[in-house]
Amino acid sequence: EFEPGIPYTLIVYVDALEAPWGGGEMVKLPFTGVMPDTPTNLPLVRARAMYFLDTNPLAAKVYGTLTITSAASEQNLTHYHLYYGSFGRIWPE
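About the cut-offs
Residues numbered from 1 in each chain as written. Predicted model: local features only at pLDDT ≥ 70, side-chain atom pairs only at ≥ 80, totals over all residues. Heavy atoms only, no water. Buried < 20%, exposed > 50% of the residue type's maximum accessible area, 1.4 Å probe, protein only. Helix = DSSP H or I, 4+ residues; strand = E, 2+ residues; numbered from the N terminus. Pairing = 2+ DSSP bridges. Contact = heavy atoms within 4.5 Å.

J.: I keep staring at the pairing of strand S2 (residues 25-32) and nothing clicks. Help me out?
T.: With zero of eight residues buried, S2 is to be regarded as a mostly surface element. Sheet topology places strand S1 (residues 7-14) next to S2; eight bridges connect them, and they run antiparallel. Looking at the pairing, Val14 lines up with Glu25 of S2.

J.: Quick question: what am I supposed to make of the environment of Ala71 here?
T.: Mapped onto the elements, Ala71 comes out in the loop between strand S4 (64-69) and strand S5 (84-86). Take Ala71: its relative accessible area is 3%, and that puts it in the buried class. In this structure the C-alpha to C-alpha distance between Ala71 and Val45, which are 26 residues apart in sequence, comes to 6.4 Å. Beyond its immediate sequence surroundings of up to four residues, Ala71 is in contact with Glu3, Val45, Arg46, Ala47, Arg48, Leu77 and Tyr80.

Structure below.
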């Protein structure tokens, strides 16, 4: 899935189907993410990354810092939702 309006580059390496290999060509295809054909309730943008560091793993409790890397574009983004889960149960419900 690609975020609408965000520029991407698809890198493709094309080579022979059978040996000898290595004589192929790398092609860069720039494109821009597009809106889906059908309406959806799913978010169209999302955080690029999340990283959690448990600062006290021996305490038998989750405690630490969650770092969220923002979406590529926050132009139409109002907030982020964060859900916690354990063994198939998700909070908040």
